[in-house]
Amino acid sequence: MSTSKQLPQPDRGEIRVDAVLQALGEPVRLTIVRALAGAPEGIACGELELPVTASTRAHHLRTLRESGVLTTRTEGTRRISKLRRDDLDALYPGLLDGVLAAKQ
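Residues numbered from 1 in each chain as written. Predicted model: local features only at pLDDT ≥ 70, side-chain atom pairs only at ≥ 80, totals over all residues. Heavy atoms only, no water.

Caption draft 1: View of the nonpolar core. Counting 24 residues, the largest nonpolar core has Ile32, Val33, Leu64 and Val69 as its most contacted members. Those elements giving two or more residues to this core turn out to be helix 1 (17-24), helix 2 (27-37), helix 3 (54-67) and helix 5 (95-101). Examining the composition of this core, we find that five residues originate from one element, helix 2, more than from any other. Apart from residues lying up to four places away in sequence, Val33 is in contact with Leu24, Leu64, Val69, Leu83, Leu96 and Leu100. (Core = buried A, V, L, I, M, F, W, Y, C linked by side-chain atoms within 4.5 Å. Buried < 20%, exposed > 50% of the residue type's maximum accessible area, 1.4 Å probe, protein only. Helix = DSSP H or I, 4+ residues; strand = E, 2+ residues; numbered from the N terminus. Contact = heavy atoms within 4.5 Å.)

Caption draft 2: The sheet that holds strand 4 (residues 78-83), seen in detail. Taken together, four strands build an open sheet; the order of strands is 1-3-4-2 and the sheet is antiparallel. Of all strands in the sheet, those with a lone pairing partner are strand 1 (4-6) and strand 2 (43-44), marking the two edges. Examined bridge by bridge, strand 1 and strand 3 (residues 70-75) share three bridges and lie antiparallel to one another. Looking at the pairing, Gln6 lines up with Arg73 of strand 3. Sheet contacts for helix 2: strand 2, strand 3 and strand 4; angle to strand 4, the most-contacted strand, approximately 85°. (Pairing = 2+ DSSP bridges. Axes fitted to C-alpha atoms, helices over the stretch in contact; angles between N-to-C directions.)

Okay, here's the thing in structure tokens:
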């Protein structure tokens, strides 16, 4: 039986719009958010196809998690990331939908 552990992230009330917008303003991070938007159950970090190294991928995922855009939990040796859509929609209605609908 594997145990799941959530990595540190801000509580809903601690998520700041400036941090979210800054995190979403980077093309690789926006690609990550688009991928997670299509996978409500989450995606293992290594399964995200990105044009960056593993360490750069980890940096971008950490930035998104620390800003409150996504949540990450460990399952064994895997890290599963999931978009915090409910939290973002409650705090900033329409923001995520607008970002996801924008042309790439």
